[in-house]
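Single-letter residue listing:
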Protein chains: 2
Amino acid sequence: MRTDERIALAMAELLRRQGYAATGINQLARAAGAPTGSIYHHFKGGKREVAAAALRQTGAAYIQLLPLLLDPHPDLATGVEAAFAAAARDMESTGWANMCPVGVVTAEIADVEPELREIAAEVMQVWVEEGSRYLAGRGLSEQEAHTVIHALLAALEGAFVLARGMRSAEPFLAAGRTLAVYVGALEAAEAAAGPAATAGAAGPAGPGPATGTGRPPTAGRA
Amino acid sequence: MRTDERIALAMAELLRRQGYAATGINQLARAAGAPTGSIYHHFKGGKREVAAAALRQTGAAYIQLLPLLLDPHPDLATGVEAAFAAAARDMESTGWANMCPVGVVTAEIADVEPELREIAAEVMQVWVEEGSRYLAGRGLSEQEAHTVIHALLAALEGAFVLARGMRSAEPFLAAGRTLAVYVGALEAAEAAAGPAATAGAAGPAGPGPATGTGRPPTAGRA
DNA sequence: GTCTTTCTAGAGAGACCTTTCTAGTCGTGC
DNA sequence: GCACGACTAGAAAGGTCTCTCTAGAAAGAC
């Protein structure tokens, strides 16, 4: 493994656990098994640039998990619930420490480090784009895919935070369940409207003009 | 306003914007308009103790918003969606900076500062307890109230993070919508089962044995 | 008034941080 | 063999951080 890769990886791991400000260059050097000088050789921009590389790397890796976790499940709703349960197990097995570095850094220093905030925004934008493309491929309308991926990412990042604080899987399980119900209702509506609506004119108009807000029509409100 | 209150308040504000590690005692002193010595006079435990006070204060204030935001809406689903929309507006009006300090600190240094993590956990536990009590008072079963409050808090904290990074209200709006649909389906089911089910034997068994997982029965899955 | 407690005020100590800088080592092309 | 770029190695500079310490002001009891 190349030294610069080792450095970025070690940074990602440290960001996960203690954030940006608390992570020092010397600590990073120890963690990566590299001297201080090497860090500045590979990353002229210093700590900030290492963090940027770590964020990009982690971001790309995270979004690849989406198809990996959802493809095995023929219906999306079950897949979503299973994915959140898997995330919960992963968190627990790492002692509730395995946060998403992108979320940590964004929460921590979005105002103080505008450059890193921009990189985090790019990463998140990719999540939204690739995620909604995947969901659209699974039969959701473009508009609904957009809504679901935003809600899913928000629920996931928030569940990380709550689970980490409370050391409990509950936030993941509850978030997974509510999202699964939402997605399940969407799928049921699509199925009821017939597969032509999906394969054919799956425009942003959705299932019908009466539900223009993008709500699943089966889950009516009082 | 007392000096110690001013210090804790300034700390909360700094935690919101730049997290714990990046916030220095001198910066805190400047922000609070108090000399360094005063901080250590009022908070013998130093920076950590100030942060602890700030977290407790903010946590208590946050959960009071729940009834304030939801009471005006006769049905819970509309209220939830409106509350998320309000949070989005608030974030935007502060330049996407108005994070929840509890979430920031938890994400940032849960591993490095176990004492603060425990306080964050206490605060979150109170959120869950008071929140689910409120939701149960609004007609949800105890089990569903528990699920909804966890999902709601996760979605909220996550939406803070995503919105802050992307500078977009979308995460709030999407999270609000999915949760509103979930809660709306619950309310519809309760109404269909008759008000006796709420006032009477609203045990953990839920609306029926076939939906023992706590899912709203109207939002069926394919 | 005087005593006592509480709080304000900021200088200073000692540790740690990021970054720079100088040497030295390894590997490759000729 | 020799030169040269890429990289390793860590010491040192200069700054900032947390926390301690001493001195003085304000407020209340008597």
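Thresholds, definitions, all that
Residues numbered from 1 in each chain as written. Chains lettered and ligands numbered in written order. Predicted model: local features only at pLDDT ≥ 70, side-chain atom pairs only at ≥ 80, totals over all residues. Heavy atoms only, no water. Near = heavy atom within 4 Å. Polar contact = N/O pair within 3.5 Å; in protein donor to acceptor, adjacent residues only side chain to side chain. Helix = DSSP H or I, 4+ residues; strand = E, 2+ residues; numbered from the N terminus. Nonpolar A, V, L, I, M, F, W, Y, C, P; charged D, E, K, R; others polar. Patch = residues over 30% accessible without salt bridge, like charges linked within 9 Å, V, L, I, M, F, W, Y side chains within 5 Å. Areas by Shrake-Rupley, 256 points an atom, 1.4 Å probe, with all protein chains shown as cover. Salt bridge = Lys/Arg side-chain N within 4 Å of Asp/Glu carboxyl O. Expected span 1.5 Å × (residues − 1). Buried < 20%, exposed > 50% of the residue type's maximum accessible area, 1.4 Å probe, protein only. Least-squares fit on C-alpha atoms with pLDDT ≥ 70 in both.

Looking at an unreviewed UniProt entry, chain A carries the name TetR/AcrR family transcriptional regulator, with the source organism given as Actinacidiphila epipremni.

Draft legend 1. Examining the protein's contact with DNA strand D more closely. With respect to spatial proximity, 14 residues lie near DNA strand D, and among them A:T3, A:H42, B:I25, B:N26 and B:Y40 are the closest. Note that a phosphate oxygen of DNA strand D is positioned 2.5 Å from one of the backbone N or O atoms of B:I25. In the model, a phosphate oxygen of DNA strand D is placed 3.2 Å from a nitrogen or oxygen of the B:K47 side chain. Sorting the residues of the surface near DNA strand D by element identifies α3 (36–42) of chain A together with α2 (25–32) and α3 (36–42) of chain B as the ones contributing at least two each. With four residues, the single largest contributor to the surface near DNA strand D is α3(A). Here the surface near DNA strand D is built from residues that sort into three nonpolar, 10 polar and one charged.

Draft legend 2. View of a nonpolar patch on the surface. Residues A:L65, A:L68 and A:L69 make up a contiguous nonpolar surface patch of about 270 Å² in total accessible area. Structurally, A:L69 can be placed in helix α4 (residues 47–70).

Draft legend 3. The protein's contact with DNA strand C, seen in detail. By nearness alone, 14 residues border DNA strand C, and A:I25, A:N26, A:Y40, B:T3 and B:H42 come closest of all. Looking at DNA strand C alone, sugar and phosphate atoms form 60% of those within 4 Å of the protein. One nitrogen or oxygen atom from the main chain of B:G37 is found 3.4 Å from a base oxygen belonging to DNA strand C. If you list the elements that add at least two residues to the surface near DNA strand C, you get α2 (25–32) and α3 of chain A together with α3 of chain B. Per-element accounting of the surface near DNA strand C gives the leading share, four residues, to α3(B). Looking at the surface near DNA strand C residue by residue, the classes come out as three nonpolar, 10 polar and one charged.

Draft legend 4. Focus on helix α8 (residues 142–166) of chain B. Residue and element names in this part refer to chain B. With 25 residues, α8 extends 36 Å between its outermost C-alpha atoms, agreeing within 8% with the 36 Å of an ideal straight helix rising 1.5 Å per residue. Among the 25 residues that make up α8, 21 are buried, leaving the element largely enclosed by the rest of the structure. The first or second residue beyond α8 is R167, which carries a positive phi of 55°.

Draft legend 5. Quick peek at the pattern of salt bridges. Under the criterion given, the structure shown has 16 salt bridges over all chains. Measuring nitrogen to oxygen at the nearest pair gives 3.7 Å for the salt bridge that ties A:R177 to A:E81. In this pair, A:R177 sits in helix α9 (residues 170–193) while A:E81 sits in helix α5 (residues 76–93), placing the two residues 96 residues apart along the sequence. Across the pair B:R2 and B:E5 runs a salt bridge whose closest N-O atoms are separated by 3.6 Å. A relative accessible area of 30% places B:E5 in the partly exposed class. One salt-bridge network, in which partners are shared between bridges, spans A:R2, A:D4 and A:E5.

Draft legend 6. Spotlight on the relation of the copies chain B and chain A. Least-squares fitting of chain B to chain A yields an RMSD of 0.0 Å, with the superposition described by an axial translation of 0.0 Å and a rotation of 180°. On the angle and the small slide along the axis, the relation comes out as a two-fold axis. Considering only C-alpha atoms, the part of chain B nearest the rotation axis is B:G158, at 1.8 Å.

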